[in-house]
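The lines below spell out each chain.
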Amino acid sequence: MLGYAGRILYLDLTTGKSYVEKLNEETAKKYIGGIGLGMHLYLTKSKKGIDPFCPENPLVLSVGPLTATVFPTGGNGHAFISKSPATGGVGESVSHGTFGTELKRAGYDAVVITGKAEKPIYLLIDDDSVELRDASKLWGRSPSEVEDAIKEEVGDFYVRVAAIGVAGEKLTKIACIINDKTRAAGRTGLGAVMGSKNLKAIAVRGTNDVTIAKPEEFFSMVKEFHERMKGPAAQKYRTTGSTENLTIQNNLSCVPTRNYNNSHFESAENISSTIINQHYVAKIIGCNSCAMRCEHQAIIKDGPYKNTMTRIEYDNLWAFGPNCGVDKLNFIIKAAERCNYYGLDAQSTGGIISFIMDCYEKNILTKENLDGIDAHFGNASAMLALIEKIGKREGIGTTFADGVKIAATKIGNKTEQLAQHIKGLEVTGYDLRCLKTTALGCAVSFRGADHNRSGAATIDLRGKVDRLKAEPGRGKIIKELEDQYNLIDSLIICKNAKGTFYKEYEEMTKLYNATTGLNITQQELELAGERIQTLAKLINTREGLTRKDDTLPWKVMNQPITDDGPSKGAVVTKNELDLMLDDYYQARGYDKQGIPTTAKLETLGLTEHLTIITKKEA
Amino acid sequence: MTERHQDRKIVVSDPERCSGCGLCEYVCSMVNEKTFNPHKSRIRVIRRGLVNMAVSCRKCKDPVCVASCPKNALSQEKHTGIICVDEHACTGCGWCIGACSFGALNLHPDKKIVYTCNSCDVFNGVPQCVQWCTENALQYITAENLAQKIRQKIVSQLLETREVAKTENCNK
């Protein structure tokens, strides 16, 4: 079993004790790695109904079979998995960079962390040595500062660090885990799970070999993908970057603007990717062994935020730009940088601020309620002031830092209608009213509102389906996309590289076999993609999530798009959602309530978890 | 085969192009050690935010690493300038590592002896790291050609600025 390290590290922070178990071939083939392996470990090692912040709640860190190889965009990922404090269901987030490669070389496919340290610590994994070190001096500092401090203390420039910021320390439910300074396992609030364990950072150094089964076949694939990555499939990422989405989507009125009050941002030209690239992007850097480097590093050249540097992508651009009605790039870039500083998920942070602004405009919140902040849409200074409050969890920050769902419960006054979230996770930059396949994808996404669980926006935006229509057949589309995305997140390939796979399953199977030598069939891999989805669904089912949680935000279902243009009048009705859900559950082999059937678990080899669904049936 | 020092080619990295991805490290370890392990690479990437660079042996004239070895384990190939390590003589003391101004020598984690760039496949053209670099940030080039290229680049930049200035003046 090559490619894999073949070992799983179990660590109890309460006792400081750790042990290693072998990863057997059967488990590797069934769950592949990344989120698949991580969710398998989570489900088998956690108890039903556990509080995400309870010391016994496991936090799983995993890498994929391709990690630390030279496969472009595939050699550098890692994933965190636990119960999400934001959704109460499964939380998972993948990040890339260099961190994962060291963990693989240290000899682990996954690390399962339980318990809680008495005082702030950081974990240092150096091959076989696992050490808990004092982090009291690091507490209160940003992930970037922590990375520098640990490198200094360990005395090794190549040690890789994933750390939480102040948000994670304070158990803020939108806290992320940042590695390599600018890369984040952003979504589902897993930084807070780390914080609840008093675990400030994980530092890794690995020196072992990573050997693959069929180097010749592997390298011929690498060569082929290098060529593809120079071509049209990766051109956007290599050149203008994902910020280009803004213009494309804005032309189709698909950009949620001012907390879904509009779907077209009139000032999009002021923050277009052309301007970003001309005036802000200092360099495009790459993750480990990537051939389509895409990390657009933006620097503010003048004004009060001079020399602020951060990574800019469509997601954070949207969150602080159109979503908050802000068209000043200096402020948007500063906002993104502040999120990295405090360790906040930028998309959720933007979602919270636009929610506050919406409440403010509707006179539900006033200046007095908001520590004197004038939270009009478009007020860029107010946006930054609110990030400080949320990041430090100070003053009104305490009301809002845990996300819009919780904030709306606290404020009341029908504000849940303004809270744009699914399952407690804030929405992303795709207007679900006029991208109906994406709407279904987000409604059934096991981690809450997120386009990255199925990537259906591409299908909608490219006109492969009628994006304004809800019809039978969309369920099957989402099922197939989800299965592929599960494999992408389990092999851990970058989603930006999805377009470079021309025959997804066939090429992924070839790649998996060339790396591991396990010689699985394409059907086995396809089934693994489906298995991983149902595994996630089982975690959610165990934690009490049902069909009613597979829903859409109030505005998506009740407030049609008013902007003139190609999306005017679009809304997803209850009937349309129900139609698509039924269609999807049927395609998945789930019952009407969205619960996997016994027959499905048997097909997928998940009968060890049968009690989760039989208890529901009873 | 020539013996002129100026004809020796070395691997140089362009910090403006290097994305810091470390592909060269992986390729190097695969070619020479049949595994993926940057710790066994003869070229090493320094990743410092915006400026990234890969460093390997410069094939110096009268190399200080060779001179510093107390066991005479290091020697320089006359034709190519490659630093050769006598695996039996090297004790892994690391004196040469400290002597090299570029950090181009490393201690092999398994063999416990030093090793450095061997210009793999040099007689077939260019080393593998240069062949695989997707950013064209690496070149296998003589010092003289490198200097030429830099001069040409700087002069064309200078001319470009003057052309722009000229056009601007005409427009006034």
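These figures come from a predicted structure and were not determined experimentally.

The rules behind each value
Residues numbered from 1 in each chain as written. Chains lettered and ligands numbered in written order. Predicted model: local features only at pLDDT ≥ 70, side-chain atom pairs only at ≥ 80, totals over all residues. Heavy atoms only, no water. Helix = DSSP H or I, 4+ residues; strand = E, 2+ residues; numbered from the N terminus. Contact = heavy atoms within 4.5 Å. Areas by Shrake-Rupley, 256 points an atom, 1.4 Å probe, with all protein chains shown as cover. Lys, Arg positive; Asp, Glu negative; His and termini not counted. Charge placed at Lys NZ, Arg CZ, Asp CG, Glu CD. Pairing = 2+ DSSP bridges. Axes fitted to C-alpha atoms, helices over the stretch in contact; angles between N-to-C directions. Buried area = accessible area lost by both parts, 1.4 Å probe. Salt bridge = Lys/Arg side-chain N within 4 Å of Asp/Glu carboxyl O. Polar contact = N/O pair within 3.5 Å; in protein donor to acceptor, adjacent residues only side chain to side chain. Nonpolar A, V, L, I, M, F, W, Y, C, P; charged D, E, K, R; others polar. Disulfide = S-S within 2.5 Å. Buried < 20%, exposed > 50% of the residue type's maximum accessible area, 1.4 Å probe, protein only. Expected span 1.5 Å × (residues − 1). Core = buried A, V, L, I, M, F, W, Y, C linked by side-chain atoms within 4.5 Å. Domains from an automatic or database assignment.

We now examine the overall build of chain B. Along its length, chain B carries five helices and eight strands. Listing every helix and strand of chain B by position from the N terminus yields β-α-β-β-α-β-β-α-β-β-α-β-α. Across its three principal axes, chain B shows a C-alpha extent of roughly 75 × 35 × 30 Å. Expressed as a percentage of contacts within chain B between residues at least 6 apart in sequence, the contacts between residues at least 24 apart total 55%. Carbon and sulfur atoms form 53% of the exposed surface of chain B, whose accessible area is close to 9,600 Å². Looking at charge distribution, chain B has the averaged site of its 23 positive side-chain charges lying 2 Å from that of its 17 negative ones.

Right, let's get into the sheet that holds strand S7 (residues 121-126) of chain A. Residue and element names in this part refer to chain A. If you walk across this open sheet you meet the six strands as S8-S7-S12-S9-S10-S11, and the pairing is mixed. Two strands close off the open sheet at either side, each with one partner strand: strand S8 (129-134) and strand S11 (183-185). Each neighbouring strand pair of the sheet contributes to a mean axis angle of 20°, computed without reference to strand direction. Note that strand S9 (residues 160-163) and strand S12 (residues 199-205) share four bridges and pair antiparallel. In the sheet register, valine 161 faces S12, and the bridge partner there is alanine 203. The sheet contacts of helix H4 (residues 143-154) involve S7, S8, S9, strand S10 (177-179) and S12, and relative to S9 the element is tilted by about 140°.

A few words on the interface of chain A and chain B. At the junction of the two partners, chain A supplies 37 residues and chain B supplies 30 residues. With both chains or domains summed, chain A and chain B bury close to 2,600 Å², and 57% of this area falls on carbon and sulfur atoms. The partner of Lys40(B) in a salt bridge is Asp209(A), with the nearest N and O atoms 2.7 Å apart. Where chain A touches chain B, the interface holds 20 residue pairs in polar contact (both at pLDDT 80 or more). Elements that contribute at least two residues to the side of chain A that touches chain B include exactly helix H3 (99-106), helix H7 (215-230), strand S13 (281-285) and strand S14 (295-299) of chain A. Among the elements that line the side of chain A that touches chain B, the one with the most residues is H7(A), at five residues. By residue class, the composition of the side of chain A that touches chain B is 17 nonpolar, 11 polar and nine charged.

What follows deals with the state of the cysteines. Summed over all chains, the structure comprises zero disulfides over all chains. Here Cys294(A) stays free of any disulfide, with the sulfur of Cys494(A) as its closest cysteine sulfur at 5.7 Å. Cys28(B) takes part in no disulfide bond, and the closest cysteine sulfur, belonging to Cys120(B), lies 6.4 Å away. Judged by relative accessible area, Cys28(B) falls into the buried class, the value being 10%.

All names here are of chain A. Two elements, S7 and S8, share six bridges in a ladder whose sense is antiparallel. Each residue of the ladder has a partner; that of aspartate 126, found in S8, is serine 129. The hairpin turn running from S7 into S8, its antiparallel successor, is two residues long, and aspartate 127 in that turn takes a positive phi close to 50°.

We now examine helix H20 (residues 504-516) of chain A. Residue and element names in this part refer to chain A. Between its first and last C-alpha, H20 extends 18 Å over 13 residues, near the 18 Å set by a 1.5 Å rise per residue. For H20, the buried fraction is high: 11 of the 13 residues fall into the buried class. All of the buried residues in H20 are Glu504, Tyr505, Glu507, Met508, Thr509, Leu511, Tyr512, Asn513, Ala514, Thr515 and Thr516. The elements touched by buried residues of H20 are helix H1 (25-31), H7, helix H19 (474-492) and helix H21 (522-542). Directly beyond the C-terminal end of H20, a positive phi value near 75° is found at glycine 517.

Residues and elements named next belong to chain A. Taken in spatial order, the three strands of this open sheet run S13-S14-S15, and their pairing is antiparallel. Every other strand in the sheet has two partners, leaving S13 and strand S15 (309-311) as the edge strands with one partner each. Taking the axes of each pair of neighbouring strands and ignoring which way they run, one obtains an average angle of 25° across the sheet. One ladder, built from four bridges, connects S13 with S14; its direction is antiparallel. Counterpart to isoleucine 285 in the pairing with S14 is glutamate 295. Its contacts with the sheet put helix H12 (residues 329-342) on S14 and S15, and the angle it makes with S15 is roughly 85°.

Here we come to the side chain of Glu313(A). Residue and element names in this part refer to chain A. Along the chain, the position of glutamate 313 falls in the loop between S15 and helix H11 (314-320). Here the side chain of glutamate 313 touches serine 242 through a polar contact of 2.4 Å, side chain to side chain. With sequence-adjacent residues up to four places away left out, glutamate 313 is seen in contact with Ser242, Thr243, Cys294, Glu295 and His296.

Judged by nonpolar contacts, the single largest core of 94 residues is most densely connected at Phe320(A), Ile353(A), Phe355(A), Leu370(A), Met383(A), Phe400(A) and Leu552(A). Per-element tally for this core: the top contributor is helix H13 (residues 346-361) of chain A, with eight residues. Those residues in contact with Phe400(A), other than ones at most four positions away along the chain, are Ile352(A), Phe355(A), Ile356(A), Leu365(A), Leu370(A), Ala407(A) and Ile411(A). With 74 residues, the next largest nonpolar core counts Ile8(A), Ile81(A), Ala497(A) and Trp132(B) among its residues.

Turning next to the environment of Glu482(A). All names here are of chain A. Turning to its location among the elements, glutamate 482 is positioned in helix H19. For the pair glutamate 482 and asparagine 452, spaced 30 residues apart in sequence, the C-alpha separation works out to 9.1 Å. When near neighbours in sequence (up to four residues on either side) are disregarded, glutamate 482 contacts Val444, Arg453, Ser454, Gln533, Tyr584 and Arg588.

Quick look at unusual backbone geometry now. Within the chain, Arg258(A) stands out as a residue other than glycine whose phi angle is a positive 50°. Structurally, the position occupied by Arg258(A) is in the loop between helix H9 (245-251) and helix H10 (273-279). Not every positive phi belongs to a glycine, and Lys59(B) is a case in point at roughly 50°. Residue classification places Lys59(B) among the buried positions, given a relative accessible area of 3%.

All names here are of chain A. Mapped onto the elements of the fold, asparagine 262 is located in the loop between H9 and H10. For asparagine 262, a relative accessible area of 18% translates into the label buried. Sequence-distant contacts of asparagine 262, that is, excluding residues within four places in its chain, are made with Val255, Pro256, Thr257, Asp431, Arg433, Thr562 and Asp563. Within the structure, asparagine 262 has its side chain in polar contact with the side chain of aspartate 563 (distance 3.2 Å).

Another aspect to go through is the domain arrangement of chain A. Residue and element names in this part refer to chain A. According to the domain assignment, chain A consists of domain 1 (7-205), domain 2 (219-367 + 375-385) and domain 3 (436-559 + 582-617). Here domain 2 and domain 3 have C-alpha centroids that lie 27 Å from each other. With 19 residues of domain 2 at the contact, the number on the domain 3 side is 15 residues. Buried area between domain 2 and domain 3, summed over both chains or domains, comes out near 1,500 Å², and the portion from carbon and sulfur atoms is 62%. Contact with domain 3 buries surface across domain 2, with Met221, Arg228 and Tyr260 losing the most and accounting together for 37% of the total. Across the domain 2-domain 3 interface, the total number found is two salt bridges. Across the salt bridge formed by arginine 228 and glutamate 507, the nearest N and O atoms sit 3.1 Å from each other. Along the contact surface separating domain 2 from domain 3 lie seven residue pairs in polar contact (both at pLDDT 80 or more). Elements supplying a minimum of two residues to the side of domain 2 that touches domain 3: H7 and H13.

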